[in-house]
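# Working through the structure, step by step
Residue strings, one per chain:
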Amino acid sequence: MDRVIIIDDAGIKERLNKFLNENKNNIRIDTDLEELSMGENTVIKELLAKYEEKYKIKIQSKDTLQLIPANDIVHIEIQDQHQFLYLSNNSTIEAKEPLLKFEKQLNRFPFLKTSPGFIININHITSISQTDENYIVMKTGEKIPVTKDKKRLIVHFIEKHLG
């Protein structure tokens with residue numbers, strides 16, 4: 001698979017738009033969707049919309065069945081028999097489904113169980129404690145507890161994939 005990284009599309013915008021339009025059915029975008037969605041390129045926005053439409057999580061809340069884009073979920077907190085989904089727009093959904101159903105759906109996405117009560121979306125990590133305190137800070141500012149083993153796994157993953 002070939003990869004293309006575009007730093008600045010100034011001067012090639014017309015050719016890039018033509019290429020994207022001609023190949024939009026064969027393009028898979030593997031990047032930070034939030035950053036790309038803020039750009040001006042309508043073809044990229046269309047591709048992102050298709051991507052987010054395809055990759056949703058089914059959530060049964062108290063009285064509704066919701067389809068949430070996987071990347072909108074920052075983390076999931078498990079308390080007793082309840083699962084609370086914290087979303088990137090700072091809203092929360094209480095799910096009525098057992099955790100096992102979530103875990104099956106989340107296997108396809110970059111989610112990781114950090115401790116018995118928390119599952120995080122690794123795309124929303126902003127920092128990891130480097131002290132004996134074991135926590136991860138998410139984009140929402142929340143500190144999520146993490147076991148030492150999971151912390152090492154996340155740090156290793158980040159070093160491997162982000163240099």
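Analysis parameters
- Residues numbered from 1 in each chain as written.
- Predicted model: local features only at pLDDT ≥ 70, side-chain atom pairs only at ≥ 80, totals over all residues.
- Heavy atoms only, no water.
- Pairing = 2+ DSSP bridges.
- Helix = DSSP H or I, 4+ residues; strand = E, 2+ residues; numbered from the N terminus.
- Axes fitted to C-alpha atoms, helices over the stretch in contact; angles between N-to-C directions.
- Salt bridge = Lys/Arg side-chain N within 4 Å of Asp/Glu carboxyl O.
- Buried < 20%, exposed > 50% of the residue type's maximum accessible area, 1.4 Å probe, protein only.
- pLDDT = per-residue confidence, 0-100.
- Core = buried A, V, L, I, M, F, W, Y, C linked by side-chain atoms within 4.5 Å.
- Contact = heavy atoms within 4.5 Å.
- Phe/Tyr/Trp six-rings, centres within 6.5 Å; stacked < 30°, edge-to-face > 60°.
- Lys NZ or Arg CZ within 6 Å of the ring centre and 35° of its normal.

### Re the sheet that holds strand E6 (residues 111-115)
Backbone-to-backbone hydrogen bonds join strands into a sheet, with any given pair of strands oriented parallel or antiparallel. Across the sheet, five strands lie side by side as E5-E4-E3-E7-E6; this open sheet has antiparallel pairing. In this open sheet, the two strands that pair with only one neighbour each are strand E5 (92-95) and E6. On average, each strand axis in the sheet is inclined to that of its neighbour by 20 degrees, with strand direction left out of account. The pairing of strand E3 (residues 73-79) with strand E4 (residues 82-87) spans six bridges and is antiparallel. Counterpart to Ile78 in the pairing with E4 is Gln83.

### Describing the pattern of salt bridges
For the coordinates displayed, the defined rule picks out two salt bridges. Its salt-bridge partner being Glu94, residue Lys96 comes within 3.4 Å of it at the nearest N-O pair. Salt-bridge contacts for Arg152 lead to Asp149; the nearest nitrogen and oxygen are separated by 2.4 Å. Of this pair, Arg152 and Asp149 are both found in helix H5 (residues 148-162), three residues apart, which corresponds to roughly one turn of the helix.

### Description of the pairing of strand E1 (residues 56-60)
On E1, burial follows the alternation: Ile57 and Ile59 on one face are buried, whereas Lys56, Lys58 and Gln60 on the facing-out side are not. Of the strand pairs in this sheet, E1 and strand E2 (residues 65-69) are connected by five bridges, and their pairing is antiparallel. Pairing of Lys56 across the sheet is with Pro69, part of E2. Hairpin connection of E1 to E2: four residues between the antiparallel strands.

### Observations concerning the confidence of the model for the protein chain
The pLDDT averaged across the protein chain works out to 77; a share of 72% of its residues lies at or above 70. Strand E10 (residues 143-145) holds the highest mean pLDDT among the elements of the protein chain, 93, whereas helix H2 (residues 33-37) holds the lowest, 51.

### A word on the nonpolar core
Core analysis: the biggest nonpolar cluster contains 17 residues, and Ile59, Ile73 and Leu85 have the highest contact counts within it. Of all the secondary structure elements, the ones that give two or more residues to this core are E1, E3, E4, E5 and helix H4 (99-106). Not counting the four nearest positions on each side in its chain, Ile73 is found in contact with Ile57, Ile68, Leu85, Tyr86, Leu87, Phe111, Asn121 and His124. Ranked by size, the runner-up nonpolar core spans eleven residues in total, among them Val74, Leu112, Phe118 and Ile128.

### With respect to the environment of Ala95
Relative to the assigned elements, Ala95 resides in strand E5. For Ala95, a relative accessible area of 1% puts it in the buried group. Along the chain, Ala95 and Ile78 lie 17 residues apart, while their C-alpha atoms are 9.9 Å from each other. Apart from residues lying up to four places away in sequence, Ala95 is in contact with Ile59, Gln60, Ser61, Gln83, Leu85 and Phe102.

### Quick look at the sheet that holds strand E8 (residues 125-128)
On the basis of which strands lie adjacent, the open sheet formed by three strands has the order E8-E9-E10 and antiparallel pairing. In this open sheet, the two strands that pair with only one neighbour each are E8 and E10. Averaged over all neighbouring strand pairs, the angle between strand axes comes to 30 degrees, with direction disregarded. As judged from the three bridges shared by E8 and strand E9 (residues 135-138), these two strands associate in the antiparallel manner. Opposite Ser127, over in E9, you have Val137 as the bridge partner.

### Considering the packing of aromatic side chains
Two aromatic rings, taken as a pair, are described by how far apart their centres are and by the angle between their planes. Tallied over the entire structure, the rule returns zero aromatic pairs. The residue whose ring lies beneath Lys143 is Tyr135, and the NZ or CZ to ring-centre distance is 4.6 Å.

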